[in-house]
Amino acid sequence: MTRNDIVEKVNALLAEEFEVDAADFAPDANIKETLSLDSLSLVDLVAIIQQTYKIKIPVAELKTIQTFDNLYDYIESHLQQA
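Residues numbered from 1 in each chain as written. Predicted model: local features only at pLDDT ≥ 70, side-chain atom pairs only at ≥ 80, totals over all residues. Heavy atoms only, no water.

## Remarks on helix α5 (residues 68–81)
For step 1, the next point in the chain: Over its 14 residues, α5 extends 20 Å from the first C-alpha to the last, a length consistent with the 20 Å expected when each residue adds 1.5 Å.
For step 2, the next point in the chain: Taken together, the buried positions of α5 are occupied by Phe-68, Leu-71, Tyr-72, Tyr-74, Ile-75 and His-78. Each buried residue of α5 lies within a common arc of 160° when the element is viewed along its axis, so the set occupies one face. Residues Gln-80 and Gln-81 are exposed on α5 and point more than 90 degrees away from its buried face. (Helix = DSSP H or I, 4+ residues; strand = E, 2+ residues; numbered from the N terminus. Expected span 1.5 Å × (residues − 1). Buried < 20%, exposed > 50% of the residue type's maximum accessible area, 1.4 Å probe, protein only. Arc of directions from axis to C-beta.)

See the structure below:
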């Protein structure tokens, strides 16, 4: 799976789940602000990513994922380890 595949799939999933236009997803945009996430919605986001990509995102590492680029990087690096 290429990075472009990851970006497209993640954006489509998040746009549908959080009812936000994927065009608003700039790579350096803050995920929580762009998606208007509260703590419960953040749990939903993590569950979607974990279920879709079969990767685990520990709470400690979640704090390092601030932007969409951070999320794409995390997924890409953990898919390569699998």
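Right, picking up where we left off after that structure.
## So, the pattern of salt bridges
When the charged atoms of two side chains with opposite charge come close together, those side chains can pair.
For step 1, the next point in the chain: The full count for this structure, using the stated rule, is three salt bridges.
For step 2, the next point in the chain: In this structure, Asp-69 engages Arg-3 in a salt bridge whose closest nitrogen and oxygen atoms are separated by 2.8 Å. With Asp-69 in helix α5 and Arg-3 in helix α1 (residues 3–18), this residue pair connects regions lying 66 residues apart in the sequence.
For step 3, the next point in the chain: Linking Glu-76 and Arg-3 is a salt bridge whose minimum nitrogen-to-oxygen distance equals 2.9 Å. Of this pair, Glu-76 sits in helix α5 while Arg-3 is found in helix α1, placing the two residues 73 residues apart along the sequence.
For step 4, the next point in the chain: Using a relative accessible area of 23% as the deciding quantity, one classes Glu-76 as partly exposed.
For step 5, the next point in the chain: Overlapping salt bridges, with partners in common, bring together Arg-3, Asp-69, Asp-73 and Glu-76 in one network. (Salt bridge = Lys/Arg side-chain N within 4 Å of Asp/Glu carboxyl O.)

## Description of the nonpolar core
For soluble globular proteins, nonpolar side chains are generally found buried alongside one another.
For step 1, the next point in the chain: Within the largest apolar cluster, 27 residues are counted, with the highest numbers of intra-cluster contacts made by Val-10, Leu-14, Leu-35 and Ile-49.
For step 2, the next point in the chain: Elements represented by at least two residues in this core include exactly α1, α2 (31–35), α3 (39–53) and α5. (Core = buried A, V, L, I, M, F, W, Y, C linked by side-chain atoms within 4.5 Å.)

## Remarks on the packing of aromatic side chains
For step 1, the next point in the chain: Using the criterion set out here, one finds two aromatic pairs in the structure.
For step 2, the next point in the chain: Aromatic side chains Phe-25 and Phe-68 sit 4.7 Å apart centroid to centroid with 15° between the ring planes, which places their arrangement in the stacked category. Of this pair, Phe-25 sits in the loop between α1 and α2 while Phe-68 is found in helix α5, placing the two residues 43 residues apart along the sequence. In this structure, Phe-25 and Phe-68 share a single accessibility class: buried.
For step 3, the next point in the chain: For the ring pair Phe-68 and Tyr-72, a centre distance of 6.4 Å and an interplane angle of 35° mean the geometry is tilted. In this pair, Phe-68 and Tyr-72 are both assigned in helix α5, four residues apart and thus about one turn of the helix distant. When sorted by exposure, Phe-68 lands in the same class as Tyr-72, which is buried.
For step 4, the next point in the chain: Three or more aromatic residues joined by ring pairs make a cluster, and in this case those are Phe-25, Phe-68 and Tyr-72. (Phe/Tyr/Trp six-rings, centres within 6.5 Å; stacked < 30°, edge-to-face > 60°.)

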